[in-house]
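Secondary and tertiary structure notes
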Amino acid sequence: MASRPLRVTGWIVSKVLHTVWVALMIATPLFGFWLASSLAAYDNASLWLALVVGLSLFPLVPVGWELVSMWRRARRGDVSKPILTRLDRLVLRTLIINGLFLGIMMWQAPQTAFRALAVRGDWILDGHDGPIASEARGLLLGFADRFSKRWHTDDTTYGTSDKPPPPPVADSTTPPVPGVVLPIQPKDPNGWPLAEEPDALVTAMPEAEQTSVEAVGRYFATNISDPRRLAKALHDYVVLRLQYDVPTADLKDAELARRPSQAAEDVFAARTGVCEGYARLYAALGKAAGLDVAFITGYIRDGARHPSEDATTDEQVKQALEGFLHAWNAVKIDGQWLLVDTTWDDPSATTNEYSTTYLFTPPRMFAYDHLPEEAAWQLVAKPMGTGEFARQPLLSPYVGRLGVVLQQPTRSQVTTTDGEVDVQLANPFHATLSLSVDPKATDQGSECTLTSGEALVATYRCRVQPGQHEIILFGATGAHATQLRSFGTILVNSR
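Since the structure is predicted, the reported quantities are computational estimates derived from the model, not experimental observations.

1. Things to note about unusual backbone geometry
- For the peptide bond that leads from Phe 58 to Pro 59, omega is 10°, which places it in the cis range.
- Within the secondary structure, Pro 59 is located in helix H2 (residues 47–76).
- Across the junction of Gln 408 and Pro 409, the peptide omega takes the value 0°, indicating a cis bond.
- Within the fold, Pro 409 resides in the loop between strand S9 (405–408) and strand S10 (413–416).
- Located in the positive-phi region is Arg 271, a residue other than glycine, with phi close to 60°.
- You can see Arg 271 is positioned in the loop between helix H10 (264–270) and strand S2 (272–273).
- Even without being glycine, His 430 reaches a positive phi, approximately 60°.

2. What to know about the packing of helix H8 (residues 227–241) against helix H11 (residues 275–288)
- Remark: H8 packs on H11, axes separated minimally by 10 Å, with the N-to-C direction vectors making an angle of 140°. In terms of orientation, H8 lies oblique with respect to H11. The interaxial crossing formed by H8 with H11 has right-handed handedness. In this structure, H8 uses Ala 231, Leu 234, His 235, Tyr 237 and Val 238 to contact H11, whose residues at the interface are Tyr 278, Leu 281, Tyr 282, Leu 285 and Gly 286.
- Taken together, the residues of the contact of H8 with H11 sort by class into 8 nonpolar, 2 polar and no charged.

3. Quick notes on the packing of aromatic side chains
- A full pass over the atoms with the stated rule returns 9 aromatic pairs.
- For the pair Phe 31 and Trp 34, a centre-to-centre distance of 5.9 Å together with 70° between the ring planes defines the contact as edge-to-face. Here Phe 31 and its partner Trp 34 are both found in helix H1 (residues 3–42), 3 residues apart, which amounts to about one turn of the helix. Summarising the burial analysis for this pair, Phe 31 and Trp 34 share the class buried.
- With centroids separated by 5.7 Å and ring planes inclined at 25°, the aromatic side chains of Trp 34 and Phe 143 adopt a geometry described as stacked. Separated by 109 residues along the polypeptide, Trp 34 in helix H1 and Phe 143 in helix H5 (residues 131–147) bring together distant segments of the chain.
- Note on Phe 143: relative accessible area 41%, which makes it partly exposed.
- These aromatic residues form a ring-pair network of at least three members: Trp 328, Trp 344, Tyr 358 and Phe 366.
- The ring of Trp 65 has Arg 93 lying over it, and the distance from NZ or CZ to the ring centre is 4.8 Å.
- Taking NZ or CZ as reference, Arg 241 lies 3.9 Å from the ring centre of Phe 268, over its face.

4. Topic: the layout of surface pockets
- In this structure, the second largest pocket spans a volume of roughly 840 Å³.
- Together, 31 residues line the second largest pocket, and Asp 126, Gly 127, Arg 411, Val 414 and Thr 415 are the ones closest to its centre.
- At the level of secondary structure, the elements contributing two or more residues to the lining of the second largest pocket comprise H5, S9, S10 and strand S11 (420–426).
- Grouping the constituent residues of the lining of the second largest pocket by class yields 8 nonpolar, 11 polar and 12 charged.

5. Comments concerning the sheet that holds S11
- One open sheet holds the 4 strands; their spatial order is S9-S11-S14-S13, and the pairing between them is antiparallel. Among the strands making up the open sheet, the edge pair consists of S9 and strand S13 (447–452). Taken pair by pair, the neighbouring strands of this sheet meet at an average axis angle of 30°, ignoring direction.
- By the bridge criterion, 7 bridges tie S11 to strand S14 (residues 457–463) in an arrangement that is antiparallel. Within S14, the residue paired with Gln 424 across the bridge is Thr 459.

Thresholds applied
Residues numbered from 1 in each chain as written. Predicted model: local features only at pLDDT ≥ 70, side-chain atom pairs only at ≥ 80, totals over all residues. Heavy atoms only, no water. Helix = DSSP H or I, 4+ residues; strand = E, 2+ residues; numbered from the N terminus. Axes fitted to C-alpha atoms, helices over the stretch in contact; angles between N-to-C directions. Parallel < 35°, antiparallel > 145°, perpendicular 65-115°, else oblique. Left-handed = near helix turned anticlockwise from the far one by under 90°. Contact = heavy atoms within 4.5 Å. Nonpolar A, V, L, I, M, F, W, Y, C, P; charged D, E, K, R; others polar. Phe/Tyr/Trp six-rings, centres within 6.5 Å; stacked < 30°, edge-to-face > 60°. Buried < 20%, exposed > 50% of the residue type's maximum accessible area, 1.4 Å probe, protein only. Lys NZ or Arg CZ within 6 Å of the ring centre and 35° of its normal. 1 Å grid on protein atoms, 1.4 Å probe; cavity = no way out; pocket = protein on both sides within 12 Å on 5 of 7 lines; lining within 4 Å. Points joined across faces, edges and corners; volume = space filled by probe spheres on them. Pairing = 2+ DSSP bridges.

In structure tokens, the structure reads:
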């Protein structure tokens, strides 16, 4: 009596397994095509090439392999019954072909592959809006985010954050909402943005007081009682004492053995370092001064600070979209963690101008270009994932100093088929703005022109030639400012 239920159960299990087996044959090449087409959209390559790759993954190569096998058996006169059915062989061949393709992609360029899915995994919906398209886009990108890996996860040069992350907290500030023009410039409760002027105690500090990290920390703690001013003074000291070590930053992975020590005492003595040294020195000075400072590691997107003045546009675009390992700090003042990046405020590392853009920066603005390894160090109630980080417009917090809101486009990379892209910027505080296309394209007739500046919203129309181009956003406070800083970039794929 028990044998019949067992046979029924066995039949059901075999059918389920067979269904899963066949589903793999369908799902695996679909994923392969999605990856290939997303890479093509990401790099502005031909989508026809992606289609050819997809058809090769299935059915062309697997079916062709099966047909060749059948022909060879017939030619040998082999009439024995194969162990596997024709469908099973086709599934197995499909899995082998697609496994090889996906394995090679994941081995050769895993970060690029995952980033392409996160940034352009919804390419098929370009030009489509509405509830159905939005729902489909959310599903595609949500699925892509599950595959997004943190960039350079095999690089442990900087170690990890030296303090446990804080518990989730409510956002300390509310970022400007796209489409909403504010009547007055919002003021962050921590005073950001601070005046771009170093503390007088730092610039006048006697050399005799700078004998060690501990001596410097004690000096500032003795002369400054306000913890916010103390934290700023230490920021200013690191920014003005150190010179960014470009040769060390440019070392390849195979050359890291020649990397100078980035310990606080060593960069203090050498007066030079890379981001790790800056962050470790700030943490050590904070400890000596009695402040609670955390050393944080994570990833950055760099849209305005290129590796060298003679870098090609292709290198600049690649750097703008890739995530690089970086180190910065958080300082605890009156029970609240505040974010600090001394490296990116250093004039020798960035714009040749002292800055406080990355001092006490509101968390949502700091997240424009910084993503900590430990999500809690985003210091917001709902941390973003790596996919969201890659997709958001590539801006720097300087956009907040300008009081400007990028309303359109809303993604870091856009595609145009008519060679035109509209960029819309809410500018309620009358910042001086300018947009330009990357230098390699300007000789080809590519340019950005202001088409509308009414109602405190500036709309620029950028015309680009076929290819991949970078639209660079510049701005400065005040309607009569002459020195403009880059505060973001938009990557345009023109087909």
